[in-house]
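If you want the building blocks of each chain, they are given just below.
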Amino acid sequence: MSWNQELFKQTLDFAARAHGDQKTKTGVPYVVHLVKVATEVLCAADGSFDVDFAMQCALLHDCMEDAGVSHQALAQAFGARVADGVRALSKDDAVGRGNRMDDVLRRIRTQPREVWLVKLADRITNLEPPPPQWDDAKVAEYREEAGRIYEALHGCHAGLAARLQQKIAAYGV
Ligand code: NI
């Protein structure tokens, strides 16, 4: 399996600058989350998908939603395909709160399967032990949402789908 290490570094640098000193819910620098998601993608690489495209979408997947990077800026830096993929992975504030994930899943499904795969990799990464401040209802809700992601997108990659299924089964129990 070969992937473009220089492109990885260049994209990571852009993402790290965009997220600045943001932290994840568990209090680590945001870039750690991005590298974990990219690692899921790289470890799943089996020649069946464009690993560099998927890796770029992984590193950049939260930079519109959480760091305010525009589609135009992303397209300028990495091309329209990456910018479109990241936009599909971003929640749309104009959509009602309860419908945002379904809207994201619907838009991801119009994208190449590399984009689907990043959503699986993101949720696999996020199914770490829940933040201590979450109550049982919130944990159950997050697990249920993960099930919907699995249902909508599991067809993109058998290995990642199986990994997500395992993480869901083990989550919060
Ligand atoms: Ni994420």
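Residues numbered from 1 in each chain as written. Predicted model: local features only at pLDDT ≥ 70, side-chain atom pairs only at ≥ 80, totals over all residues. Heavy atoms only, no water.

1. As for the coordination of the nickel ion
Rule in force here: Sites may look incomplete, because water is not among the atoms used; the donor set itself consists of N, O and S atoms within 2.8 Å of the metal (3.2 Å for Na, K and Ca). Here the metal geometry follows the donor angles, with tetrahedral for four donors whose angles all fall between 85 and 135 degrees, square planar for four and octahedral for six when opposite donors are more than 155 degrees apart and every other angle is between 65 and 115, and irregular for all the rest. Only runs of H or I of at least four residues qualify as helices and only runs of E of at least two qualify as strands under DSSP, and these elements are numbered from the N terminus. Working definition: with a 1.4 Å probe on protein chains only, accessible area under 20% of the residue-type maximum means buried, over 50% means exposed, and in between means partly exposed.
His33 (NE2), His61 (NE2), Asp62 (OD) and Asp122 (OD) make up the full set of protein donors to the nickel ion, lying at 2.1 to 2.5 Å. Here the nickel ion is ringed by four donor atoms whose angles at the metal span 76 to 167 degrees, and the overall shape comes out irregular. In the primary structure, the donors to the nickel ion are separated according to the pattern H-x27-H-D-x59-D. Of this pair, His33 sits in helix H2 (residues 30-44) while Asp122 sits in helix H7 (residues 113-126), and the two are 89 residues apart along the sequence. Owing to a relative accessible area of 7%, His33 belongs among the buried residues under this scheme. When its relative accessible area of 7% is taken as the criterion, Asp122 is described as buried.

2. A few points about helix H8 (residues 136-153)
Heads up, the rule is: Take the residue count of a helix, subtract one, and multiply by 1.5 Å to get its expected span. For this analysis, residues touch if any pair of their heavy atoms sits within 4.5 Å.
For H8, built from 18 residues, the straight-helix expectation of 26 Å at 1.5 Å per residue is met to within 8% by its first-to-last C-alpha distance of 26 Å. The complete set of buried residues in H8 reads Val139, Tyr142, Glu145, Ala146, Ile149, Tyr150, Ala152 and Leu153. For H8, the elements touching its buried residues are helix H6 (100-108), H7 and helix H9 (158-170).

3. Quick word on the side chain of Ser90
So the rule is basically this: In protein, a polar contact means a hydrogen-donor-capable atom and an acceptor-capable atom, both N or O and within 3.5 Å, with residues adjacent in sequence counting only if both atoms are side-chain atoms; elsewhere, any N or O pair within 3.5 Å suffices.
By the secondary structure assignment, Ser90 is in the loop between helix H5 (80-88) and H6. Within polar-contact distance, the side chain of Ser90 engages the backbone oxygen of Val86 at 2.7 Å. In contact with Ser90, other than residues within four places in its own chain, are His61, Met64, Glu65, Val104 and Arg107.

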